[in-house]
Amino acid sequence: AAKEGGKNRAVAYNKGMREGVVNVLAVESDLKRALAAREFEAYYQPIVNLADGSLYGFETLARWMHPERGLVNPGEFIPVAEETGLIVELGAQILEKACATMNRWREKYPLARALTVAVNISARQFAESSLAATVESILERSGLPPEHLKLEITETVVMLDAMKSVNQLKALKNLGILLSIDDFGTGYSSMSYLQKFPTDQLKIDLSFVQRMETTTESIEIIRAIVNMAHSLRLRVVAEGIETERQRDLLYSLQCDYGQGYLYSRPLPEDEAEEFVKESE
Ligand code: C2E
Ligand code: MG
Ligand code: MG
Ligand code: MG
C-alpha cells in the first residue's frame with residue numbers, strides 16, 4: 001500500500017510539474033503580448049511621515065489590466081516575468097511611468113516638489129550591468145530630478161552576491177537617486193556589508209509589522225532594526241501598517257516613515273493624484 005501511495009504521489013507530482021511548465025509557457029506568451037499592448041499599469045501607494053502623517057511619497061506597484069482576467073496582482077506575474085527575463089522590459093515600462101507621473105505632479109502641485117517615488121527592482125534587473133545606464137536615460141527623458149527617485153531592492157537580492165552588489169549600488173547611487181533595501185529582516189544581512197552599501201533607507205518587512213500586536217519579539221526586532229539603521233544614518237520605512245496601534249508602536253520605536261492600508265491602498269494614477277491634491 002505504501003508503494004502504491006508513493007506511486008500515486010509520483011504521478012500527481014509529475015502531472016503538477018507538467019501543468020506548471022504549461023502554465024509558465026502560457027503566461028509567458030501572454031506576458032509578451034501584454035507588454036506589446038502596454039497592459040501594465042503603475043499603481044501608487046502613499047508613504048507618510050509617521051510623526052505627523054504628512055505625505056512623503058509613493059511606492060509604485062505594478063498591476064496587469066488583463067483584457068479577460070481583469071486586474072491581476074504582481075504575485076501572479078512577477079515571478080514568471082522574472083523567470084523568463086521579461087521583467088527587464090516590464091520593469092523599464094513601470095519605471096518610465098513612475099518617473100513621468102511624478103514629474104507631471106511636480107509641475108502641477110507645489111507640494112509634489114518634495115515627494116519621492118519608489119520603484120521596485122527585481123533580481124534580474126539588479127543583475128544587469130546596464131541597469132544604471134537604463135535608469136539614467138529614463139530619468140533624463142522624464143525630466144525627474146534624480147533625488148526624487150528611489151529604487152527598492154530586496155535584502156535577499158542584495159545579499160545574494162554582496163560583493164558584486166556594492167558595485168551595482170554604487171553605480172546607481174552615482175546617479176544621485178535614493179536606494180532602499182526592501183523586505184528587510186527576512187534575509188540574512190551581514191552588518192559589515194550593510195555599512196558598505198551606499199543605501200539611504202531600510203524597509204521593514206510587513207510580516208514584522210503584522211506580528212507586532214501579538215508577539216513582543218516582533219517589537220524587539222523592529223526596535224533593533226531601527227536603532228541599527230539610525231546608527232548607520234539610514235531612514236526606516238515600515239510597510240503593511242493596517243492599525244492605529246501598529247502606527248503608534250512604530251512611531252514610539254522612532255520609525256521614520258510608514259505605508260499601509262491604514263493610510264491608503266495602492267491607487268491608480270488618477271486617484272493617487274487626488275491624494276496629492278488633497279494633501280496640499
Ligand atoms: P513589496 O515591494 O514589498 O510591496 C509591498 C506589498 O505589500 C504590495 O503588494 C502592497 O500592495 C502590499 N501592501 C501594502 N500595504 C499593505 C497593508 O497594509 N497590508 C497588506 N497585507 N499588504 C500591504 P503587491 O502590490 O501585491 O506587490 C507584491 C510584490 O510584488 C512587491 O512587494 C514587489 O516585490 C513586487 N512588485 C510589485 N510591483 C513591482 C514592479 O513594478 N517591479 C518588480 N520588480 N516587482 C514588483
Ligand atoms: Mg517594495
Ligand atoms: Mg516589501
Ligand atoms: Mg515584498
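Residues numbered from 1 in each chain as written. Chains lettered and ligands numbered in written order. Predicted model: local features only at pLDDT ≥ 70, side-chain atom pairs only at ≥ 80, totals over all residues. Heavy atoms only, no water.

Considering the coordination of the magnesium ion (ligand 2)
Let me state the cut-off plainly: Metal coordination here is assigned from N, O and S atoms located within 2.8 Å of the ion, or within 3.2 Å for Na, K and Ca; omission of water means that sites may look incomplete. Numbering of helices and strands runs from the N terminus; a helix is a DSSP stretch of H or I covering at least four residues, while a strand is a stretch of E covering at least two. Burial here depends on accessible area, computed with a 1.4 Å probe over protein chains only, as a share of the maximum for the residue type. Under 20% is buried, over 50% is exposed, and the range in between is partly exposed.
Donor atoms from the polypeptide that bind the magnesium ion (ligand 2) are Glu 59 (OE), Asn 120 (OD1), Glu 152 (OE) and Asp 182 (OD), placed at 2.0 to 2.2 Å. We note that the donor set of the magnesium ion (ligand 2) lies within a single chain, spaced as E-x60-N-x31-E-x29-D. Separating the magnesium ion (ligand 2) from the magnesium ion (ligand 3) is a distance of 4.4 Å, and Asp 182 supplies a donor atom to each of them. Of the two residues, Glu 152 sits in strand β5 (residues 149–154) while Asp 182 sits in strand β6 (residues 178–184), which places them 30 residues apart along the sequence. Judged by its relative accessible area of 2%, Glu 152 falls in the buried class. Note on Asp 182: relative accessible area 5%, which makes it buried.

Comments concerning the pattern of salt bridges
The test is simple: Think of a salt bridge as a Lys or Arg side-chain nitrogen and an Asp or Glu carboxyl oxygen that are within 4 Å of each other.
For the coordinates displayed, the defined rule picks out 15 salt bridges. The shortest N-O distance in the salt bridge between Lys 203 and Glu 152 comes to 2.7 Å. A residue pair is termed long-range when its members are at least 10 positions apart, and Lys 203 in strand β7 (residues 201–204) and Glu 152 in strand β5 qualify at 51 residues. A salt bridge links Lys 277 to Glu 274, with the nearest nitrogen and oxygen atoms 3.3 Å apart. In this pair, Lys 277 and Glu 274 are both assigned in helix α12 (residues 269–279), three residues apart and thus about one turn of the helix distant. Note on Lys 277: relative accessible area 41%, which makes it partly exposed. Relative accessible area serves as the criterion here: at 36%, Glu 274 is assigned to the partly exposed category. Through salt bridges with shared partners, a single ionic network connects Arg 104, Lys 108, Glu 269 and Glu 273.

Some remarks on the site of ligand 1
Spelled out, the test is: By convention in these notes, a residue is near a molecule or strand provided one of its non-hydrogen atoms lies within 4 Å of it. We define a polar contact as two N or O atoms separated by no more than 3.5 Å, with the added condition that, inside protein, one atom must be a possible hydrogen donor and the other a possible acceptor, whereas residues neighbouring each other in sequence contribute only through side-chain atom pairs. Accessible surface area values rest on a Shrake-Rupley calculation with a 1.4 Å probe, where residue burial reflects the displayed protein chains alone. Amino acid classes used here: Ala, Val, Leu, Ile, Met, Phe, Trp, Tyr, Cys and Pro are nonpolar; Asp, Glu, Lys and Arg are charged; the rest, including Gly, are polar.
What surrounds ligand 1 is a group of 24 residues, the closest being Arg 63, Asn 120, Asp 182, Glu 242 and Tyr 261. In the environment of ligand 1, a nitrogen atom lies 3.0 Å from a nitrogen or oxygen atom belonging to the side chain of Gln 45. Backbone polar atom of Ala 62 to a nitrogen atom of ligand 1: 3.0 Å apart, as the coordinates give it. Against a free-state accessible area of 800 Å², the protein chains account for coverage of 82% of ligand 1. Contributing elements (two or more residues each) for the shell around ligand 1: β2 (55–66), α2 (74–84), α3 (87–108), β4 (116–121), β6 and α9 (206–211). Among the elements that take part in the shell around ligand 1, β2 stands out by supplying four residues, more than any other. Residues of the shell around ligand 1, tallied by class, amount to eleven nonpolar, seven polar and six charged.

Details of the packing of α3 against α12
The line we're drawing: All axes here are fitted lines through C-alpha atoms, helices being fitted over the stretch that makes contact, and every angle between N-to-C directions spans 0 to 180 degrees. In a left-handed crossing the near helix is turned counterclockwise from the far helix by less than a right angle, and in a right-handed crossing that turn is clockwise. Contacts: residue pairs with any heavy atoms within 4.5 Å of one another.
Two numbers describe how α3 lies on α12: the axes approach to 12 Å, and their chain directions differ by 35°. As for how α3 packs across α12, the hand of that crossing is right-handed. Where α3 approaches α12, its residues Thr 101, Arg 104, Trp 105 and Lys 108 are matched on the opposing element by Glu 269, Ala 272, Glu 273 and Val 276.

Points about the confidence of the model for the protein chain
The cut-off we apply is this: Think of pLDDT as the predictor's per-residue confidence, scored from 0 to 100.
Mean pLDDT over the protein chain: 92, with 93% of residues reaching 70 or higher. Scored as a whole, the predicted complex attains pTM 0.93, and scored at its interfaces, ipTM 0.98.

Focus: the nonpolar core
Note the cut-off: Take the buried Ala, Val, Leu, Ile, Met, Phe, Trp, Tyr and Cys residues and link them wherever side-chain atoms come within 4.5 Å; each set so joined is a nonpolar core.
One finds Leu 149, Leu 151, Leu 172 and Phe 197 to be the most contacted residues of the largest nonpolar core, which totals 81 residues. For Leu 151, the residues in contact, after removing those within four places along its chain, are Leu 95, Val 119, Ile 121, Val 135, Leu 172, Ile 177, Leu 178, Leu 179 and Ser 180. Ile 47, Tyr 56, Val 237 and Tyr 257 belong to the second-largest nonpolar core, a separate cluster that totals five residues.

Focus: the packing of aromatic side chains
Defined as follows: What counts as a ring pair is set by centres within 6.5 Å for rings of Phe, Tyr and Trp (its six-membered ring), and what kind of pair is set by the plane angle: stacked under 30 degrees, edge-to-face over 60, tilted for all other angles. As a reminder, the over-ring test applies to NZ of lysine and CZ of arginine, requiring each to be within 6 Å of the ring centre and within 35 degrees of the ring normal.
Inspection of every chain in the model, using the stated rule, returns nine aromatic pairs. Three or more aromatic residues joined by ring pairs make a cluster, and in this case those are Tyr 44, Phe 58, Trp 105 and Phe 275. Lys 196 extends its terminal NZ or CZ atom over the ring of Tyr 193, reaching a point 5.0 Å from the ring centre. Seen from the ring of Tyr 261, Arg 265 lies directly overhead, with NZ or CZ sitting 3.9 Å from the centre.

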